[in-house]
Each structure stands twice: as structure tokens, then as C-alpha cells.
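# Descriptive analysis of the structure
So you can see what is in the structure, the chains are spelled out below.
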Amino acid sequence: MDEEKRAVESEFAEGDHSLWEDNPIVKKLREIFPEAIISISGLQPYPDELTIKVKKEQIVKVCQFLKDDPHLAFNYLSDLCGVDYPEREERFEIVYHLYSITKRHRLRLKVSVKDGEPLPSVIGVWQTANWHEREAYDLLGIPFEGHPDLRRILLPEDWEGHPLRKEYPLMGYNSDTKPD
Amino acid sequence: MVLETKELLLNMGPQHPSTHGVLRLLLYLEGETIVNSDPIIGYLHRGIEKLAEAKTYTQFIPITDRLDYIAAFPNNLAYVQTVEKLMSLEVPLRAQYIRVILTELNRIASHLVWLGTHAMDIGAITVFLYCFREREIILDLFEMVSGARMTVNFFRFGGVAADLPAEFYPKVKEFLDTFPAKIADYEALLTQNRIWLARTKNVAVISAEDGINWGLSGPNLRGSGIKWDIRKANPYAVYNKLDFEIPTGQMGDVYDRYMVRMEEMRQSTRIVHQALAQMPDGEIKGKVPKIIKPPAGEAYSCIESPKGELGFYIVSDGSEKPYRVKIRAPSFVNLEALPLMLKGGLIADVIAAIGSIDIVLGEVDR
Amino acid sequence: MHQIFFWGFALLAVFSALMVITRRNVVHSALFLISTFFWVAAIYILLEAELLAAIQILVYAGAIMVLIVFTILLIHVEETKIINPWQRQRPIAILLGVFLLGEIFLILSRALFPESIAGTALQQVAQEGNTEAVGKLLYTKYLFPFEVASILLLAAMIGAIVMAKREIEK
Amino acid sequence: MVLVKIIIILGVILLVVAYLTYLERKVIAHLQVRIGPMRVGWHGLLQPIADGLKLLVKEDIIPEKADKWVFILSPIICLVPAFVVYAVIPFSQHFYLANINIGILYIISISALGVYGIVLAGWSSNSKYALLGGFRSAAQMISYEIFLGFSIIGPLMLAGSLNTLKIVEAQSGVWFIIYQPLAFALYLIAGIAETNRIPFDLPEAETELVAGFHTEYSGMKFAFFFLAEYANMMVVSSMAVILFLGGWKGPFLPGIVWFAIKVGAFLFLFIWLRGTLPRYRYDQLMRIGWKIMFPLCLLNIALTGIIYYLFL
């Protein structure tokens, strides 16, 4: 566990900023939202792995800007999901995969929230976020603020717990069956 | 006396002949006109993403077969490709070509299932049987290659499980030579048919702008006129060496989506032809460590599956098991836009619309 | 033989008619009304008025009642079941009933139908058959009332469409 | 004597209807490069009987919330008119049950009653799919009955009679299909719609309304609806043969054989269409009916009247 924890922490908290600083997307964002960016990372040498972590209060603003700016034009939200890091203080990381159909480039946005802490919804920016956010709420229990219809999507209404949290047992809480 | 009209709530599914699996749709009707609708999913939820965290990287390959179970090769490819990106693995050229051949054949098979069921939903039963006749040949080819017809579990990190058998080549050539005539057969039954036109033109329309906003991908978005295909836009495997067209529609109605997929089948035939001609000799598997242990990090990689953008987001903590796997399933996102397409339509349009967005519930629910 | 059939049909018709007004379920009432029409048509056949019988079934049982049933089905039957069939309309209904009965009695006893019409009609039927006789009478002697009735029905139809039509906001 | 005839006709019709289902399955199968039923008897020839037996012994389910009596009555209401109309159909010059003056009117008025079976089945099942199916068929059948009625007025004017025998006799020289091609086309469309067949099979559109009005039916009651549909197909075909194709008339072969051949051709057409065409949508069906077929029917009647008055 310790080894795991260290590995995860090192990748996401530290990250190698310098390699990405020349990227035009990073430059633009640094210029417009100098205080919103927490960190910049991403797997090299893939330009579509650019990852920017931002402050959660700013997420909707940043998203709206990324979508509206004619040079960035991130008009397409590919995916939105949550990742659980139980050992961190801000336990959940919500990952937005943006894509620009006109410019053909990708960007990964990230924010972190504590357990139970509401995150502003980005439905206003991309309609498609609706079901993705419901899924994140369903499987991880992340509440989204301003979501018009936040209810479980994959699991039944009366389901207990959020399966993708790390402490959730693989076979569920009330299962009689044992894993092989 | 004032007569009040009441909204009728119709529960379509989860057991219904044309919801293509276990999709449940709540339809709020006024007469037969749809005022609102709410897709309810999750009946096939198997917790695949949770399962991934408990399996090793290799153990998860067969599980990807069960996502979009009528197009298993693309699922394999998307997953394998993401792990390869994470580990910076080289894939030999021959393996790349084998991957392309099989995924394109699978695209044809998937589109044939779509066409057959879609046409049957609208009442043309014969097309269904014609389509399954051709799909049978493709499944036989898959069996020849992988030993399985549907859950193929064939791609490996850094390559493929085995080389194509010698008897594969004549069979696939024969199929490719006869298939365009078969497409013409389907089209003869549908494309110019007045009833087909009446049922599909201007039905379940979605504009390009809405399509992007709601995250549509694949043929559904191309039907609305957006010329975006990941094979061309961000080429993976060896697609940049192959020559093919991206068909698009204009209106974004059921008919355009139909025409796009019909043309895609022809283009896939072309691609397989070229790939077979260009395929070099050589290794089918690159240098891969015995134990798959990607360095800590994260990667997202997507392909153009028959349904649209199929992406895998994998977070690795450096161990043998993935820390988190998120599957960006095209059907899940495409289904989300269904209520938008249905609004103001009739009950009969519901099945035309469901058929036209080509969802597979295994992928929607995961 | 004739007599037995007549009484059988007549009793069935009256029985059905009674069931129409006593059933609480509107759909059942409608079903019995159809059966009433059917038995009345049977009596027409006994009177050798086949055309009338066929028209009776075609128009009343086959068309008008279908529309009535159609309308009834659109209403929630559970709600209509609660309504008491014996309502305040009773006095008016009795009044109208008595009036109608008196009318029928008058017609039958004084034989208000002129002999001559009945006579010629019967002759024509014998000569050229039922259908032709009805057709000829309708288009010669009764042309004016026939056309007036058509216009009336047309007006009613247009009125119904105008009333039922409502703007559907997009 | 009449009773014997009734029994013969009913028996034959039942058998033919049963084998019509077999024919349909075989023809469709061959259209779809399959072979169809092969297991029961030689080339599956006993399949309809096996099917009948299966339906007979199957559990008969009545939904708890259904209106029991109406639910039971509906299949009967549906089936009886479909068989009663055969009383006036002349299978050959001498083989018929009744020769009445208003033959065609009789067929139309009796078959008009069949719609109750469908509407009430839809209502009494207490299921939304069945109800929607019932509504659709009510609207469809009422409308298309009108077009059916109007489309045959042309031939009736030419024959100058409603009597089925006289109509056939009037076609001794030329079949009415030559004089009345438009009426024939209209009749055919209306007939297909009236029998709820593809492309007008909306009341039971499987893929939308599950099975439409008979979703909740099983066993023999379901079989009744099934039989009624096929019996109606035969009625519509027989009427077409009588009104447009000269009934039993034809060279060499005996009348009844000619009649069977002509009816068979129609039935094949019905099946062929099912193997080829998709299904119309409800509003499209209504639009075709009222905005295209109805004016054409009226036009045909007017033209027939004018030509008849001027030239004949």
C-alpha cells in the first residue's frame, strides 16, 4: 500500500511541468487563468496526454473559456469520470477529457474534491455531461451542484453504497457469494 | 363540460422486441405523440470497471469482449492500445495490419447486425435474414482466426495472439469480392423504397451543433454532417497508410445515419482489401515484458469503433492491476441524446430512432 | 315459424335494450346496444327488408357504434363506474319516454302512414327488388328530405371537426 | 342439405386457413433464403396441425385486471364474422351457400363487425400496448372500410347489382379489372389495410406495440385472432376475384379450380408483400387513406358514372 501510495502521489502531485510549458494550450490558459491552474502533467511524448489540474471553484469558467475560445475550441466533451484516492485529503479526482472536433486536439482537465463536497456541474457548457455526472454520482458518490436531474443511473434507486470507491468490496456489501 | 386530456405514460421495455436488449424507456405520450422520454439503463450493469481493478492487465482483455459484444475486436484494440501507450510498447507492422483487417471486418459485422435489426424494427424482415447470412461468413472468419465467433479475446499487448491462418486469405478474398453486390441487394430493398423513405426521412433529426453538444460520435454524428472520424482525424494503427472516404449526411435524420453506415460498409471492404495487399511479413508480437506492469501514470486512448469514439482511460499505480479503468462507451453517450431526437415524434419513430443510433446495451451499462 | 323467430328476436332486442340502460360499465352498455341493433336488423330480415337490415348493421353497428366505443375507451372507465346511472335526469327521461310512447301509439292506432305509399312500395319491391325500390324512392319522391339530411350531417361533421381541433403548439 | 354444405365449407375453409399459415411460412422462408418448417411431416406439411394442437393445449391466461367477459368474447367477435361472410361467396356457378340480392353489402356489413373484436380485445386486456393497438386498428379499419366500400362502387355500377352471382355473370365477356383498373388498385390497397397486413400491419406492429391488441392473449383465444386474420385475407381475396377477375370463370378447368387459382394468386401477393416491404407509420397511413385514396375513389365513381351514362 505504501509503495502504491507513493507512486500515485508522485505522479499526480509533482508531475514534470517543464516539458509542457511550451504547449500553446498551456500558454493560453496561464495567460487567462493564472491563479486557477494547480499543476500541469502528462505522459510524454504524447501531445494528447496534456493534463491540467485546476481549482474546482474555477472549473466551469475554465471549461466555458476552453469551449468558446476560437483557437482552442474544445467543443466536445469526450468523457467525464471520477477516480478515488482514499488516502488523499481531497479524495476524489474528477477527470474531464476534452476534444476539439475542429482543431483535432485533446486536453485532460482535473479537479479534486473532498468526500461529499459538491462540485459545480458543467452541463451548462456541454449537455453531454449530464449522464457522465450522473454516473460519477452513482458509482462514486460525488454530488454535482446545479445538475438538473442527479439520480442514480446504472444502479437501482435503492442501492447501498458507491461501488467504485476503493473500500467497496468487489462482491458488494450483502453478497453471499465468494469470489473465486 | 370540459374534457381533460391526460398524458399517457408508456413503459417501453426492459422486455420489448425493439429496445435492442434491456433498455427501458419511459414515454410520456399525448395520443401517440411523444412529449418527453426518459431512458432507464443499468439492467445489464456488470460492474466491469470495478472488476478491472481486481484483475491483472492481461486478465482484463477477455472482459473487454463483453462490452460491445457484437464488435469485440474494436474493444480489444482500444484497451490494448491504451496499455501499450502507457508502457510505450512497439507493435510490429504485421500485427498492426492484422488488427486493422479484423477490426474492419468486425465493423462490417456490427453494421450488418445494426442494419438487420433496424430494418426489421421498421417491418422489413427479409433484410434481417440477408444481413445475418453475410454476418455468418464474417463470424466464421473470426472463428478461423481466434477460435471464437463473438468473444474473440485475440489482441495482446504489443501484438496479436496468433498469425492469420493460411485458409483465412482465400475465404476473406471471396467474401470481399461478393460483399459489394450484397450491399446492393440490401439497398435495392430499402434505399429507394417509398415506405422506407417515409419512415426514415426527417425522423429523429439532430443538428450538427446539438450532436456535438450532446457528445454524439461515430456514424450518428457523421449523419448530421460532421466529417469527423478518429481513423482520419487522429490516425492510430496503420490507418494513415490506407485510402478511404468518410461518408457524411446532411440532415441528421434516421435516413442519413442509414446512408452513412451503408457507405461505411463499402469503405471497410476497401480498407480490408488494401490492408491485405500491403501487409508485410514479420513478427506478430513485439518485445513485451513477461509481467505487464505499466509505470505509474495515466493514459487515454480512443479508436473509431463501429458505434463511435470508444476510449479507455487507465490510471496505473505501477502494480500489476490497473488502479482505475474508465471506459468511454460510445453507445452510452449516443443513447443520452435519444430523448432529444424523440421529442415531438410518434411511437413508431421511437423504434426507428433507437435502431438508427445503433446502441449495444452491454456497452451502455458496462 | 315466422312468429317464433319474430318473438325470439324481439325479446332479445328488448332484453339487450334493457341491459344497455342498466349496466354500470359503459363498455358493456355499448356492447348491448350493438346487440340491440343486431336483433332489430334480424327483424328487418323477417320483414323481407334485407337492404334495410344490411344498412342497419353497416351504419349503426358497424360505423356509429365503433365511433362511440372508440370514444368510450378514451375515457377512464374506472371513473365512470362510480357514476350512478339513476341521476337527476330521471324526471326528464320519464317525460320524454311517455311522450315517445304516446307518439308510437298514435301512429299505430290511427295508421298515420298513408296506405298509398306503403302499397306502391310493396309493389315495387315485388317487381324489382328491395335495393332498387329504396334507391328509386330516395332519389325521386324523397330527394329533398334526403339532400336536406345530407347537408345537416355535413354541417354537423364540420362543426365537430372545428370544435375538436385545437392548436398544437410546437 | 344446407347443413351439409355449411359443414363442408366451414371445414374446407378452416383447413385452407390453417394451410395458409403454412404457405406463408414456406414462401417467406424461401424469399429469405431459408427453408422454413421441415420437421413435422414431409416438408413440414403437418406443421399447421401441430401448431393447432399446441395452441389447443396451451395454458389459457386471462390477466387479473382484465374485463373477463369482454376478454373472452372479443376473439369470438373477431372470428365469427370472418367465417359468416363465406355464406354468400360463390365458389363456382353452382357451389354457394346462399344467393341473396345484397350479397356484397352483406359481406361488407358483416365484416365491419370484426373491428369490435379487435377494439374490445385491446380495451379489455387492460394493457397499454393492447389499448394502443386497439385504437390504431379502430381508426385504421373504420377509415379503410370506407375506401374499400367506395372502391367497389365502380364494378357494382357496371354490374348493376349487389348480387355476387350476377356480378360474376356480368363479367362473362370482359373482366372488370380491364374497365376498372383504378378501382382495382384502390381495392387492393384498402384490402391489405383492412386485413392488417404489411405494410399496413400497425395494429399488431410487433416491434412497436409488442403484439398490439392481442398482446395479452394466449392459447386458443390467440389462435382465434390468428385464424380470423387469415380468414379475412381469404375474404378480401375472394371479393377481389368476384368483383374484378370474373369469379369462377375461365377456360377448360372447372369453375371451382379457377376460383381457387385466382384466390391463391392474391394470397401469394399478400405474402410476397410481407417479405418485401417495411411498415408505414400510423399518421402516414391515415394521410394516404384520406388524402389520396379517398379522392381517387370519388374520382373513379364519377368517371364511371359519366362514361357509363355517355357510352353504354
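Preceding this section is the structure that the text describes.
Quick caveat: nothing in here was measured; it's all calculated off a predicted structure.

Counting its regular elements, chain D contains 13 helices and zero strands. Over its C-alpha atoms chain D spans a radius of gyration of 20 Å, differing by no more than 12% from the 20 Å that the globule rule assigns to 312 residues. Seen through its principal axes, chain D has C-alpha atoms that stretch 65 × 45 × 45 Å. For chain D, the proportion of its 312 residues judged to be buried stands at 57%. Contacts in chain D between residues far apart in sequence, at least 24 positions, make up 77% of those at least 6 positions apart. Of the roughly 13,100 Å² of accessible surface on chain D, 73% is carried by carbon and sulfur atoms. With 21 positive and 16 negative side-chain charges, chain D shows a spacing of 5 Å between the two charge centroids.

With that settled, consider the arrangement of the chains. Counting contacts across all four pairs of chains that touch, the top pair turns out to be chains A and B. A gap remains between chain A and chain C, with no contact made and the closest C-alpha atoms lying 22 Å from each other. Structurally, chain A and chain D remain out of contact, their C-alpha atoms never closer than 24 Å.

The next subject is the interface of chain D and chain B. Buried accessible area, meaning the area lost when the parts come together, often serves as the stated size of an interface. Taken together, the 26 residues of chain D in the interface contact 34 residues of chain B. For Arg-281 of chain D, the salt bridge identified is with Asp-349 of chain B, shortest N-O distance 2.8 Å. For the pair chain D and chain B, the number of links is eight residue pairs in polar contact (both at pLDDT 80 or more). Listed by contribution, the elements that provide at least two residues to the side of chain D that touches chain B are helix H5 (128-151), helix H10 (206-209), helix H12 (255-276) and helix H13 (282-311) of chain D.

Turning next to the sheet that holds strand E3 (residues 76-84) of chain A. Residues and elements named next belong to chain A. Across the sheet, five strands lie side by side as E1-E2-E5-E4-E3; this open sheet has mixed pairing. With partners counted over all chains shown, the strands left at the sheet margins are strand E1 (37-41) and E3, one partner each. Strand after strand, the sheet turns through a mean of 20° between neighbouring axes, direction not considered. Pairing of E1 with strand E2 (residues 51-54) involves four bridges; the strand directions are antiparallel. Following the sheet pairing, Ser-41 is matched in E2 by Thr-51. Packing of helix H3 (residues 59-68) onto the sheet brings it into contact with E2, strand E4 (92-99) and strand E5 (106-113), and relative to E5 it is tilted by some 170°. Packing of helix H4 (residues 129-140) onto the sheet brings it into contact with E3 and E4, and relative to E3 it is tilted by some 10°.

This part is about the packing of aromatic side chains. Summed over the entire model, instances satisfying the criterion amount to 43 aromatic pairs over all chains. Both rings, one in Phe-38 of chain C and one in Trp-39 of chain C, keep their centres 5.7 Å apart while their planes meet at 85°; by these two values the pair is edge-to-face. Residue Trp-39 of chain C is classed as partly exposed on the basis of its relative accessible area of 21%. Linked through ring pairs, Tyr-144, Phe-147, Phe-150, Trp-290 and Phe-294 of chain D together constitute an aromatic cluster. Over the ring of Phe-132 of chain B we find Arg-135 of chain B; its NZ or CZ atom is 5.2 Å from the centre of that ring.

All names here are of chain D. Packing of helix H9 (residues 181-194) against H12 leaves a shortest axis separation of 12 Å and a crossing angle of 60°. The handedness of the crossing between H9 and H12 is right-handed. Where H9 abuts H12, its residues Phe-184, Leu-188 and Ile-192 lie against Phe-266, Leu-269, Phe-270 and Leu-273. Of the residues in the contact of H9 with H12, the class split is seven nonpolar, no polar and no charged.

Along the polypeptide, Arg-366 of chain B turns up in the segment after helix H15 (361-365). Among the polar contacts made by the side chain of Arg-366 of chain B, one reaches the side chain of Glu-135 of chain A at a distance of 2.9 Å.

In a pair of packed helices, the angle between the axes and the distance between the axes together describe the arrangement. All names here are of chain B. The geometry of helix H4 (residues 93-121) relative to helix H5 (residues 125-146) is characterised by a closest axis approach of 8 Å and an angle of 155° between their N-to-C directions. For the element pair H4 / H5, the angle class is roughly antiparallel. The chirality of how H4 crosses H5 is left-handed. Listed contacts from H5 to Leu-102, Leu-105, Asn-106, Ile-108, Ala-109, Leu-112, Val-113, Leu-115, Gly-116, Thr-117, Ala-119 and Met-120 of H4 are Ile-125, Val-127, Phe-128, Cys-131, Phe-132, Glu-134, Arg-135, Ile-138, Leu-141, Phe-142 and Val-145. In the contact of H4 with H5, the residues fall into 18 nonpolar, three polar and two charged.

Residues and elements named next belong to chain A. Looking at the element boundaries, Pro-148 is found in the segment after strand E7 (144-145). The exposure class of Pro-148 is exposed, given its relative accessible area of 62%. Linking Pro-148 and Ile-123, residues 25 residues apart in sequence, is a C-alpha distance of 8.8 Å.

Residue and element names in this part refer to chain B. Pairing is antiparallel in the open sheet, where three strands are placed in the order E1-E2-E3. Bordering the open sheet on either side are strand E1 (8-12) and strand E3 (33-40), each of which pairs with just one other strand. Direction aside, neighbouring strands of the sheet carry axes that sit 20° apart on average. Pairing between E1 and strand E2 (residues 24-30): five bridges, direction antiparallel. Within E2, the residue paired with Leu-8 across the bridge is Leu-29.

To continue, consider the pattern of salt bridges. Oppositely charged side chains can pair when the atoms bearing their charge come close. Counted under the stated rule, the structure contains 52 salt bridges over all chains. The salt bridge partner of Lys-28 of chain A is Asp-69 of chain A, with a shortest N-O separation of 3.5 Å. Pair noted here: Lys-28 of chain A is in helix H2 (residues 24-32) and Asp-69 of chain A is in the loop between H3 and E3, with a separation of 41 residues, a long-range link. Under the relative-accessibility criterion, Asp-69 of chain A is labelled buried at 9%. One salt bridge connects Glu-104 of chain B with Arg-107 of chain B, and the closest N-O pair in it is separated by 3.0 Å. Taken together, the positions of Glu-104 of chain B and Arg-107 of chain B, both in helix H4 and three residues apart, correspond to about one turn of that helix. An identical accessibility class is assigned to Glu-104 of chain B and Arg-107 of chain B; each is buried. Here the salt bridges do not stand alone but share partners, grouping Asp-48, Glu-49, Lys-53, Arg-88, Glu-93, Arg-108 and Lys-110 of chain A together with Lys-85 and Glu-298 of chain B into one network.

Cut-offs applied
- Residues numbered from 1 in each chain as written.
- Chains lettered and ligands numbered in written order.
- Predicted model: local features only at pLDDT ≥ 70, side-chain atom pairs only at ≥ 80, totals over all residues.
- Heavy atoms only, no water.
- Helix = DSSP H or I, 4+ residues; strand = E, 2+ residues; numbered from the N terminus.
- Rg over C-alpha atoms; globule rule 2.2 N^0.38 Å.
- Buried < 20%, exposed > 50% of the residue type's maximum accessible area, 1.4 Å probe, protein only.
- Contact = heavy atoms within 4.5 Å.
- Areas by Shrake-Rupley, 256 points an atom, 1.4 Å probe, with all protein chains shown as cover.
- Lys, Arg positive; Asp, Glu negative; His and termini not counted.
- Charge placed at Lys NZ, Arg CZ, Asp CG, Glu CD.
- Salt bridge = Lys/Arg side-chain N within 4 Å of Asp/Glu carboxyl O.
- Polar contact = N/O pair within 3.5 Å; in protein donor to acceptor, adjacent residues only side chain to side chain.
- Pairing = 2+ DSSP bridges.
- Axes fitted to C-alpha atoms, helices over the stretch in contact; angles between N-to-C directions.
- Phe/Tyr/Trp six-rings, centres within 6.5 Å; stacked < 30°, edge-to-face > 60°.
- Lys NZ or Arg CZ within 6 Å of the ring centre and 35° of its normal.
- Left-handed = near helix turned anticlockwise from the far one by under 90°.
- Nonpolar A, V, L, I, M, F, W, Y, C, P; charged D, E, K, R; others polar.
- Parallel < 35°, antiparallel > 145°, perpendicular 65-115°, else oblique.

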